[in-house]
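# Structural features, examined
The residues making up each chain are set out below.
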Amino acid sequence: MPAPIRLRELIRTIRTARTQAEEREMIQKECAAIRSSFREEDNTYRCRNVAKLLYMHMLGYPAHFGQLECLKLIASQKFTDKRIGYLGAMLLLDERQDVHLLMTNCIKNDLNHSTQYVQGLALCTLGCMGSSEMCRDLAGEVEKLLKTSNSYLRKKAALCAVHVIRKVPELMEMFLPATKNLLSEKNHGVLHTSVVLLTEMCERSPDMLAHFRKLVPQLVRILKNLIMSGYSPEHDVSGISDPFLQVRILRLLRILGKSDDDSSEAMNDILAQVATNTETSKNVGNAILYETVLTIMDIKSESGLRVLAINILGRFLLNNDKNIRYVALTSLLKTVQTDHNAVQRHRSTIVDCLKDLDVSIKRRAMELSFALVNGNNIRGMMKELLYFLDSCDPEFKADCASGVFLAAEKYAPSKRWHIDTIMRVLTTAGSYVRDDSVPNLIQLITNSVEMHAYTVQRLYKALLDDISQQPLVQVASWCIGEYGDLLVSGQCEEEEPIQVSEDEVLDVLEGLLVSNLSAPVTRGYSLTAIMKLSTRFSSVNRIKKVVSIYGSSIDVELQQRAVEYNALFKKYDHMRPALLERMPIMEKSASNGPTEIVQTNGETEPSVVEPKHLPPVTQPVNQANDLLDLLGGNDVVPVIQTTMPTKPASAGGELLDLLGDLSLSAIPPMTAYNKNGLKIDFTFERANPNPNIAVITIHASNSTEADMTDFVFQAAVPKTFQLQLLSPSSNVVPALNQGTVTQVIRVLNPQKQQLRMRIKLTYTLKGSPVQDLAEVNNFPPQSWQ
């Protein structure tokens, strides 16, 4: 059989391939030849064939059929064969394959070989792919080599020991005696690997960490020698002596000095020397300085040293290398809470990074800029951030707008400045703001009584310029509906008032109703604003006409509003001024549900924020049928789970209940169920137009320590009643009574019989489903008489 081609010739041949198919053909042909050679047990060219197989493996082609050949090469007595065999084992084998266990005896023999290079090959292989079983079997040999005087073997044994500790942490104490003399070695390779080994042991064991803290003076001395030593061609990298060893020592010092006063005190001076003496013109020096900064920030260092570290990061921000600037911004973001004043000194440099072309740097600079905002610099920082908001990419606008809102709410110097800032954000990036920005701004405007005329005039001007930013249009519509009389009368004192007629204001609002840019929610705001102006303007007939037109709108929400408002004009005109009067000062109620606006007198107004309704809890038919026999006999009607259409709330509020004149009766509440931490309370209302309908609101609370999820409430009544269940406010009952789930039940009782009800409760608590039935017969007489 002719001799196989050499590896160099194979590489040259493969590189001549013009297409992928041509390359695959060459590889397949060579693999076939290699397989034939393996089958014939050709010992002469086994090493050459495995080398070619490894090259093909590096190109991404399958080479698993060469695994056993690698083991045969490892067992060979020739060094060249062992070198290729061990390399093949590291590339083709791992601990998931049982074949690798066949190597254990060969590695053990080679660890005791008389040639250091063979021992080195065995240490490299064990440290690369040794399994936990191999590490347990061979840890003793590694520990012996760690104590040898041969520096070549000691550095490889130290790295192998790191792998053994990672695989079998309980063997850590075996290597403890051998580590005592490692740091006294003058060979930098041994020093480097010794520091890596000590770092691994300290990270994995608090006992080892306490034990090695006594080595801090020795590590400081080694680091000082590296800094003060003269030029050494063997270890010099860009004029710095062994930067790799310096970085490793700094990392180990960071671990040893964390939360330890004595160790931190011992390393303060050397850290200051490294920070001041390291050359910054080359990337090597910057790497050492960065590790120094991280070490200073993690240990209990002196305040002056921390300021020095932050100044180093500030110099990094001026570097031309984008990676160094990004690292500096990320590090400053981590330290800004503990060293706020020191970071503030670099505020101008940080703000300049907002103009960087790199998106990662811009994002970090934006986050750090918001972290630097305080009451003293709020005006200047907001000016820069609003300029950034104007020009930044769309991916930044949502986060930037959110940050501006939070900073303005926390540090606003005046209400006018606060309102102007939020309006500027809505004008610039209105489509990207959070959902709660509209109700928050409405609340701010409502509570700033002296700014009403100024605000409504500014918003009216903004509407004339642009109606594409929906949150801005919603706030403007709400304000015009509330304070349109101030706009028309020209009472603005903060700036020159504009002359606007009632018809011009109504033209703008009607334009919003027909605009293709207006969202359904925005149209609801506009229609409610027009309705509110019926008590502030004299053009009542025009408003009636607009409202009546939308009584047949294809938009169900808009149609419902218009029908309700028409009914208000026709049947309840005497109530219209009171219902549509100006909103009082509002405050947010602390609730778990949608944001609710509460008057200061304690009465609740319709919500200003658009609630995000949870998906209705769907009830399969068989679940409803489970209740058919709750009361016995054939006189039971099943529960009907009704999903009401979701309606966004508006400034005008929901008038449906107002027109129905739903009023609270003097019906005492009752507890219908109290078991296993779940409590169900009933409160009662009665609809005056139809006194036969009782409206029961259930309030479910949870006193256990875990949330009750997948909560479903079902009810059944006798056949003489009719029952309707509306959608619940949530399907999760919060733990520790931190919130309640509410659900409305409407019961029609035409014969005025005593109310009886069976309820079924289903929920999941701590992963276990719970189901319970109960009968409720103690309803107050007022609820059914």
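Just so it is clear, the structure is predicted and the values come from calculations on it, not from any experiment.

### Quick notes on the overall build of the chain
Along its length, the chain carries 33 helices and 14 strands. The 785 residues of the chain split such that 50% are buried.

### Observations regarding the pairing of strand S12 (residues 741-748)
Only one face of S12 is buried, namely the one carrying Val741, Gln743, Ile745 and Val747, since none of Thr742, Val744, Arg746 and Leu748 on the opposite face is buried. Here strand S9 (residues 693-702) runs beside S12; their pairing, made up of eight bridges, is antiparallel. Bridging across to S12, threonine 697 finds its partner in valine 744. Examined bridge by bridge, strand S11 (residues 722-725) and S12 share four bridges and lie antiparallel to one another. Bridge pairing in S12 links glutamine 722 to leucine 748.

### Topic: the packing of helix H24 (residues 437-447) against helix H26 (residues 470-489)
Where H24 meets H26, the closest approach of the two axes is 10 Å, and the angle between their N-to-C directions is 30 degrees. Classified by the angle between their axes, H24 and H26 sit roughly parallel to one another. H26 is crossed by H24, and the crossing has right-handed handedness. Across from Val438, Leu441, Ile442, Ile445 and Thr446 in H24, the residues of H26 making contact are Pro471, Gln474, Val475, Trp478, Cys479 and Tyr483. Each residue belonging to the contact of H24 with H26 can be placed in one class, and the counts come to nine nonpolar, two polar and no charged.

### So, the side chain of serine 437
By the element assignment, serine 437 lies in helix H24. Looking at serine 437, the relative accessible area reads 5%, which means it is buried. Apart from residues lying up to four places away in sequence, serine 437 is in contact with Phe405 and Leu426.

### Some points on a nonpolar patch on the surface
A cluster of nonpolar side chains, namely Met58, Leu87 and Leu91, defines an oily patch on the protein surface of about 280 Å² accessible area. Inspection of the secondary structure assignment puts methionine 58 in helix H3 (residues 46-58).

### Examining the packing of aromatic side chains
Across all of its chains, the model carries seven aromatic pairs by this definition. For the pair phenylalanine 388 and phenylalanine 396, a centre-to-centre distance of 5.9 Å together with 65 degrees between the ring planes defines the contact as edge-to-face. Grouping residues by exposure puts phenylalanine 388 and phenylalanine 396 together as buried. The structure contains a cluster of three or more aromatic residues connected by ring pairs, namely Phe682, Phe684, Phe713 and Phe779. Its guanidinium or amino end placed over the ring of phenylalanine 65, arginine 35 lies 4.0 Å from that ring's centre, counting from NZ or CZ.

### What to know about the packing of helix H5 (residues 79-92) against helix H7 (residues 116-129)
At their nearest, the axes of H5 and H7 sit 10 Å apart, and the two run at 5 degrees to each other. In terms of their interaxial angle, H5 and H7 are classed as roughly parallel. Only Tyr117, Val118, Leu121, Ala122, Cys124, Thr125, Cys128 and Met129 of H7 make contact with H5, whose side of the interface consists of Phe79, Lys82, Arg83, Tyr86, Ala89 and Met90. Its residues assigned to classes, the contact of H5 with H7 shows 11 nonpolar, one polar and two charged.

### Re the confidence of the model for the chain
Mean pLDDT over the chain works out to 83, with 89% of the residues at or above the 70 mark. In the predicted structure, residues 590-665 sits below a pLDDT of 50 and forms 166 contacts with residues beyond four places in sequence or in another chain.

### Things to note about the nonpolar core
In this structure, Ile249, Met382 and Val505 are the most contacted members of the largest nonpolar core, which totals 172 residues. Per element, the largest residue contribution to this core is 10 residues, and it comes from H26. Sequence-distant contacts of valine 505, that is, excluding residues within four places in its chain, are made with Tyr460, Ile480, Leu487, Val488, Val500, Leu533 and Phe537. Counting 34 residues, the second-largest nonpolar core is a separate cluster that includes Met670, Phe684, Leu723 and Val747.

### Quick notes on unusual backbone geometry
Positive phi values are uncommon outside glycine, yet serine 238 reaches one of about 55 degrees. Position of serine 238 relative to the elements: it lies in the loop between strand S1 (236-237) and strand S2 (240-241). Phi is positive for asparagine 676, close to 55 degrees, though the residue is something other than glycine. Checked against the element boundaries, asparagine 676 lands in the loop between strand S7 (670-675) and strand S8 (678-687).

### Structural notes on the pattern of salt bridges
In total, this model carries 32 salt bridges according to the counting rule given. Here glutamate 200 ties to arginine 166 by a salt bridge, and the two come within 3.3 Å at their closest N and O atoms. Of this pair, glutamate 200 sits in helix H10 (residues 188-204) while arginine 166 sits in helix H9 (residues 151-167); the two residues are 34 residues apart in sequence, bridging distant segments of the chain. Looking at glutamate 200, the relative accessible area reads 8%, which means it is buried. For arginine 166, a relative accessible area of 48% gives the class partly exposed. By sharing partners, the salt bridges in this structure join Arg251, Arg254, Glu291 and Asp298 into a single network.

### Some details on H26
In an α-helix, one turn spans 3.6 residues; hence positions three or four apart end up facing the same way. The end-to-end C-alpha separation of H26 is 27 Å, in line with the 28 Å expected for 20 residues at 1.5 Å each. For H26, the principal kink sits at tyrosine 483 and spans about 80 degrees. Glycine 490 occupies a position one or two residues after H26 and carries a positive phi of about 65 degrees.

### Quick notes on the environment of leucine 568
Looking at the secondary structure, you find leucine 568 in helix H30 (residues 556-570). Residues leucine 568 and methionine 531, 37 residues apart in the sequence, show an inter-C-alpha distance of 9.9 Å.

### Overview of a negative patch on the surface
Negative charge collects at one region of the surface, where Asp262, Glu265, Asp269 and Glu302 lie side by side. Mapped onto the elements of the fold, glutamate 265 is located in helix H14 (residues 261-277).

### Thoughts on helix H15 (residues 283-298)
With 16 residues, H15 should reach 22 Å at 1.5 Å per residue; the first-to-last C-alpha distance of 23 Å fits that figure. Looking at H15, one finds that the buried residues are Val284, Gly285, Asn286, Ile288, Leu289, Glu291, Thr292, Val293, Thr295, Ile296 and Met297. Looking at the buried side of H15, the elements it contacts are S1, S2, helix H13 (243-257), H14, helix H16 (303-316) and helix H17 (322-335).

### Notes on the environment of alanine 398
Within the secondary structure layout, alanine 398 lies in helix H22 (residues 394-411). Separated by 34 residues in sequence, alanine 398 and tyrosine 432 place their C-alpha atoms 4.8 Å apart.

### Observations concerning the environment of tyrosine 55
Within the secondary structure layout, tyrosine 55 lies in helix H3. Non-local contacts of tyrosine 55, meaning those with residues more than four positions away in its chain, are made with Leu7, Leu10, Ile11 and Ile14.

### Digging into the state of the cysteines
Counting across every chain of the model gives zero disulfides. Cysteine 400 carries a free sulfur, and the closest cysteine sulfur to it, the one in cysteine 392, is 5.5 Å from it. Judged by its relative accessible area of 0%, cysteine 400 is buried.

What counts and how
- Residues numbered from 1 in each chain as written.
- Predicted model: local features only at pLDDT ≥ 70, side-chain atom pairs only at ≥ 80, totals over all residues.
- Heavy atoms only, no water.
- Helix = DSSP H or I, 4+ residues; strand = E, 2+ residues; numbered from the N terminus.
- Buried < 20%, exposed > 50% of the residue type's maximum accessible area, 1.4 Å probe, protein only.
- Pairing = 2+ DSSP bridges.
- Axes fitted to C-alpha atoms, helices over the stretch in contact; angles between N-to-C directions.
- Parallel < 35°, antiparallel > 145°, perpendicular 65-115°, else oblique.
- Left-handed = near helix turned anticlockwise from the far one by under 90°.
- Contact = heavy atoms within 4.5 Å.
- Nonpolar A, V, L, I, M, F, W, Y, C, P; charged D, E, K, R; others polar.
- Patch = residues over 30% accessible without salt bridge, like charges linked within 9 Å, V, L, I, M, F, W, Y side chains within 5 Å.
- Areas by Shrake-Rupley, 256 points an atom, 1.4 Å probe, with all protein chains shown as cover.
- Salt bridge = Lys/Arg side-chain N within 4 Å of Asp/Glu carboxyl O.
- Phe/Tyr/Trp six-rings, centres within 6.5 Å; stacked < 30°, edge-to-face > 60°.
- Lys NZ or Arg CZ within 6 Å of the ring centre and 35° of its normal.
- pLDDT = per-residue confidence, 0-100.
- Core = buried A, V, L, I, M, F, W, Y, C linked by side-chain atoms within 4.5 Å.
- Expected span 1.5 Å × (residues − 1).
- Bend = angle between axes of the 7 residues up to and from the residue.
- Lys, Arg positive; Asp, Glu negative; His and termini not counted.
- Charge placed at Lys NZ, Arg CZ, Asp CG, Glu CD.
- Disulfide = S-S within 2.5 Å.

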